[in-house]
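# Chain and residue survey
Residues per chain are reported as follows:
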There are 2 protein chains.
Amino acid sequence: MKDEFLKVAIEEAKKGYREGGIPIGSVLVHNKEIIGRGHNRRVQKGSAILHGEMDALENAGRLPASVYRESTLYTTLSPCSMCSGTILLYGIPRVVIAENKTFLGEEELLRSRGVEVTVLDDTECIDLMRTFIEEKPELWNEDIGEENEERPF
Amino acid sequence: MKDEFLKVAIEEAKKGYREGGIPIGSVLVHNKEIIGRGHNRRVQKGSAILHGEMDALENAGRLPASVYRESTLYTTLSPCSMCSGTILLYGIPRVVIAENKTFLGEEELLRSRGVEVTVLDDTECIDLMRTFIEEKPELWNEDIGEENEERPF
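Residues numbered from 1 in each chain as written. Chains lettered and ligands numbered in written order. Predicted model: local features only at pLDDT ≥ 70, side-chain atom pairs only at ≥ 80, totals over all residues. Heavy atoms only, no water.

## Some points on the overall build of chain A
Where we set the bar: Secondary structure elements follow DSSP: runs of H or I no shorter than four residues count as helices, runs of E no shorter than two count as strands, and numbering proceeds from the N terminus. Note on exposure labels: buried denotes an accessible area under 20% of the residue type's maximum, exposed denotes more than 50%, and partly exposed covers the range between, all computed with a 1.4 Å probe on protein chains only. In this description, contact between two residues means that some pair of their heavy atoms is separated by no more than 4.5 Å. Here, Shrake-Rupley sampling with a 1.4 Å probe gives the accessible areas, and only protein chains in the shown set may cover a residue. In this tally, Asp and Glu contribute negative charge and Lys and Arg positive charge; neither His nor the terminal groups of the chain are included. By convention, the charge on Lys lies at NZ, on Arg at CZ, on Asp at CG and on Glu at CD.
In terms of helices and strands, chain A carries eight helices and five strands. Starting at the N terminus, the α and β elements of chain A follow one another as α-β-β-α-α-α-β-α-β-α-β-α-α. Each principal axis of the C-alpha distribution contributes one length, and for chain A these read about 55 × 30 × 25 Å. Considering chain A as a whole, with its 153 residues, one finds that 58% of them fall into the buried category. Residue pairs at least 24 apart in sequence account for 52% of intrachain contacts in chain A once pairs closer than 6 positions are excluded. Accessible surface computed for chain A: about 6900 Å², of which carbon and sulfur atoms make up 46%. One way to put it: in chain A the 19 positive side-chain charges average out to a point 5 Å from where the 28 negative ones average out.

## With respect to the relation of the copies chain A and chain B
The test is simple: For the least-squares superposition of copies, only C-alpha atoms count, and only for residues with pLDDT at least 70 in both.
Mapping chain A onto chain B calls for a screw motion: a turn of 180 degrees about the axis and a shift of 0.0 Å along it, with 0.0 Å RMSD after fitting. In symmetry terms, the pair is related by a two-fold rotation axis. For chain A, the residue whose C-alpha comes nearest the rotation axis is G85 of chain A, separated from it by 2.4 Å.

## As for the sheet that holds strand β4 (residues 94-97) of chain B
Pairing between the strands of a sheet comes from backbone hydrogen bonds, and it takes one of two forms, parallel or antiparallel. Residues and elements named next belong to chain B. Defined as follows: Pairing between strands is defined by DSSP: at least two bridges between the two strands are required. Only C-alpha atoms enter the line fits that serve as axes; for helices the fit covers just the stretch in contact. Angles between N-to-C directions range over 0 to 180 degrees.
Strand order in the open sheet formed by five strands is β2-β1-β3-β4-β5, and the pairing between neighbours is mixed. The sheet is open, and its two borders are formed by β2 (33-39) and β5 (116-119), each paired with just one other strand. Taken pair by pair, the neighbouring strands of this sheet meet at an average axis angle of 15 degrees, ignoring direction. With six bridges connecting them, strand β1 (residues 25-30) and β2 associate as antiparallel partners. Bridge assignment links S26 to a residue of β2, and that residue is G38.

## Things to note about the interface of chain A and chain B
Applicable threshold: Defined here as a combined quantity, buried area equals the accessible surface (1.4 Å probe) lost by two parts on assembly, summed across both. Only one rule defines a salt bridge in this text: a Lys or Arg side-chain nitrogen within 4 Å of an Asp or Glu carboxyl oxygen. Three categories are distinguished: nonpolar for Ala, Val, Leu, Ile, Met, Phe, Trp, Tyr, Cys and Pro, charged for Asp, Glu, Lys and Arg, and polar for the others, with Gly belonging to the last.
Of the residues lining the interface, 36 residues belong to chain A; the matching set on chain B comes to 36 residues. Where chain A abuts chain B, roughly 3000 Å² becomes buried across the two surfaces, and 55% of that area is made up of carbon and sulfur atoms. When the buried surface of chain A facing chain B is broken down by residue, I49, R62 and L89 of chain A rank first, second and third, together holding 23% of it. At the junction of chain A and chain B, the tally comes to six salt bridges. As a salt-bridge pair, R62 of chain A and E142 of chain B come within 2.7 Å of each other at their nearest N and O atoms. For the side of chain A that touches chain B, the secondary structure elements donating two or more residues are α2 (42-45), α3 (52-60), α4 (65-68), α5 (81-90) and α8 (137-143) of chain A. Broken down by element, the side of chain A that touches chain B gets its largest block of residues, seven residues, from α5 of chain A. Per-class residue counts for the side of chain A that touches chain B are 17 nonpolar, nine polar and 10 charged.

As structure tokens, this is what we get:
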């Protein structure tokens, strides 16, 4: 049975996909309650920084350090350098990742700094990302800072 | 004589201070032109993610990887884990930091990944941050994910 918080992160990812965006969702959980949820909004807001995790943290609003330090971040995809750095900035102690097959982020850096990282190998999320990457490879490369091949025509 | 791009980053920091915010500014420079500028907007926008560097990158808009990889990020303060992670995500190869006396970010991580990091020890920026931290220590702690002491009264 799928984790209830992961389900919400996947709902967010699917919402992003339906909006024509990058299908990655995230929720911030404190004391078994969701205090922030969001999804990648590069396309929707023309944003260079609103990855799913960043959007969830932004939607959670300004919080004292003590709240972050008792929270868990759920995300449908392995967090990139930016999102991992943000997890470290705020001292979020636990990260639950649906999958890291389509992109492997900074899991080792997180673990080396004491963050508890759990990877679930969720096939629904793997399929969603594979579909998206096949449909929009250039958008995906842009989101992870990878160069797109020049097209001379 | 002060670097012209650093001057603009300092203008941004001072603008933030005048707005009642956290006085840290940043500019993204490509081919000797400023393509993004910004300042910390935690207070102004109720944001948990708009550090000065993030605001400058967001204001630069969506860019292809090839542009980031030829750019330099100027910032008035040593970049925290979040901002350093973002520099790594986008492969920005050079970071010019006005000072790291009032806060030391992830300079070593950046260097270990091949980023060229220059620290200038700018006294104007040191003074500005010291003044701000003395005036609003709790706001500063919030911004860097540090706990504030509980006040029982």
